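A look at the structure
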Amino acid sequence: MGLIRCKTKWVLYRWLRKRGVWKGEKWLLPNDQSVIAALKSVDSQFPTDPAALDAVATDLVAQDSSLASGGEKLLGKSAKRDRENALNAQRVLVSIVSPVELPKKDASYSSEAYADFIRSEAWRGIRYLALRLYGNKCRACGRTPANGVQIHVDHIKPCSVDWSRRLDLLNLQVLCEDCNLGKSNLFSDDWR
Ligand SMILES: [Zn+2]
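These lines cover the structure that appears in this document, whether it is placed above or below.

1. Brief notes about the overall build of the protein
- If you tally the helices and strands in the protein, you get 7 helices and 2 strands.
- The buried share of the protein, reckoned over its 192 residues, is 17%.
- Expressed as a percentage of contacts within the protein between residues at least 6 apart in sequence, the contacts between residues at least 24 apart total 59%.

This is the structure:
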């Protein structure tokens with residue numbers, strides 16, 4: 001049997017402390033045997049294999065993020081803040097450079113319906129027709145898979161803005177992932 005990873009051990013240790021099972025020294029990383037003994041005292045079914053304990057620790061953190069280390073929590077927070085800042089900056093820029101208002105959301109659109117739609121046979125069929133019609137080259141920046149980009153078939157009028165045009169071939173264009181994610185649901189630019 002191998003050793004339990006430090007990171008895993010800290011998560012299990014914090015969880016045990018929270019449940020009041022662990023009463024030992026707060027700042028010393030306990031040895032494997034004491035952690036396993038403490039886990040077994042909670043539930044004799046607890047696995048002892050280090051890989052299985054890694055999975056247990058991942059589940060515990062997913063249920064209670066306070067069990068993650070301070071560093072991980074901070075990184076998670078700052079990544080979230082960066083994403084929000086980038087999104088807000090993009091919205092501000094759009095409101096300055098674009099003479100049109102931010103698009104209104106179509107009431108028929110929902111992220112659940114979109115998730116089903118994007119996996120549907122109907123979408124795969126029409127998407128493939130768009131690739132045949134326009135070729136697998138980004139219409140906005142000209143790059144192809146040979147340049148290492150991933151090709152997307154984009155809804156010119158975004159699905160979230162006009163749900164009724166989701167299967168309209170004339171509403172489709174080929175963009176690379178960068179251009180498509182940049183366009184997002186903010187623009188209805190036709191690059192064809
Ligand atoms: Zn592109």
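On we go.
2. Section: the packing of helix α1 (residues 6–18) against helix α2 (residues 32–42)
- Interaxial distance between α1 and α2 falls to 11 Å at its minimum, and their mutual angle equals 45 degrees. Here α1 is positioned oblique relative to α2, judged by the angle of their axes. In the packing of α1 onto α2, the handedness of the crossing is left-handed. Counted together, Lys9, Leu12, Tyr13 and Leu16 of α1 and Val35, Ala38 and Leu39 of α2 form the full contact between these two elements.
- For the contact of α1 with α2, the class distribution of residues is 6 nonpolar, no polar and 1 charged.

3. Some words on the environment of Leu67
- With respect to the helices, strands and loops of the structure, Leu67 is situated in the loop between α3 (50–63) and α4 (70–97).
- In this structure Leu67 comes out as buried when scored by C-beta crowding, with 20 C-beta atoms within 10 Å.
- Taking the C-alpha atoms as reference points, Leu67 and Val11, separated by 56 residues in sequence, lie 5.5 Å from one another.
- Leave out the neighbours within four places in its chain, and Leu67 touches Val11, Arg14, Trp15, Leu60 and Val61.

4. Details of the nonpolar core
- Of all hydrophobic cores here, the largest spans 15 residues; its most connected members are Val11, Leu12, Leu16 and Val35.
- Counting residues per element, the ones that place at least two in this core are α1, α2 and α3.
- Among the elements that take part in this core, α1 stands out by supplying 5 residues, more than any other.
- When residues no more than four places from it in sequence are discounted, the contact partners of Val35 are Ile4, Lys9, Leu12, Tyr13 and Pro30.
- Cys138, Val174, Cys176 and Cys179 belong to the second largest nonpolar core, which has 5 residues in total.

5. Some words on α3
- Here α3 is 14 residues long and its end C-alpha atoms lie 20 Å apart, about the 20 Å a rise of 1.5 Å per residue gives.
- When α3 is considered as a whole, its buried residues turn out to be Leu53, Ala57 and Val61. Down the axis of α3, the sector holding all buried residues measures 80 degrees, keeping them to one side. Looking at α3, the residues exposed on the side facing more than 90 degrees away from the buried face are Ala51, Ala52, Ala55, Asp59, Ala62 and Gln63.
- If you follow the buried residues of α3, they end up packed against α1.

6. Quick look at the packing of α1 against α3
- In the contact formed by α1 and α3, the axes pass within 9 Å of each other and the chain directions differ by 55 degrees. Comparing the axis directions of α1 and α3 gives the class oblique. Both α1 and α3 take part in a crossing whose hand is left-handed. Here Thr8, Val11, Leu12 and Trp15 of α1 lie close against α3, whose contacting residues are Leu53, Asp54, Ala57, Leu60 and Val61.
- When grouped by side-chain class, the residues that make up the contact of α1 with α3 number 7 nonpolar, 1 polar and 1 charged.

7. A few points about the environment of Val153
- With respect to the helices and strands, the residue Val153 is situated in strand β1 (residues 151–155).
- Spatially, the C-alpha atom of Val153 lies 7.2 Å from that of Ala130, the residues being 23 residues apart in sequence.
- Sequence-distant contacts of Val153, that is, excluding residues within four places in its chain, are made with Arg127, Ala130, Leu131, Leu172 and Val174.

What counts, and at which threshold
Residues numbered from 1 in each chain as written. Predicted model: local features only at pLDDT ≥ 70, side-chain atom pairs only at ≥ 80, totals over all residues. Helix = DSSP H or I, 4+ residues; strand = E, 2+ residues; numbered from the N terminus. Buried ≥ 20, exposed ≤ 12 C-beta atoms within 10 Å, placed from the backbone. Contact = placed C-beta atoms within 7 Å. Axes fitted to C-alpha atoms, helices over the stretch in contact; angles between N-to-C directions. Parallel < 35°, antiparallel > 145°, perpendicular 65-115°, else oblique. Left-handed = near helix turned anticlockwise from the far one by under 90°. Nonpolar A, V, L, I, M, F, W, Y, C, P; charged D, E, K, R; others polar. Core = buried A, V, L, I, M, F, W, Y, C linked by C-beta atoms within 7 Å. Expected span 1.5 Å × (residues − 1). Arc of directions from axis to C-beta.

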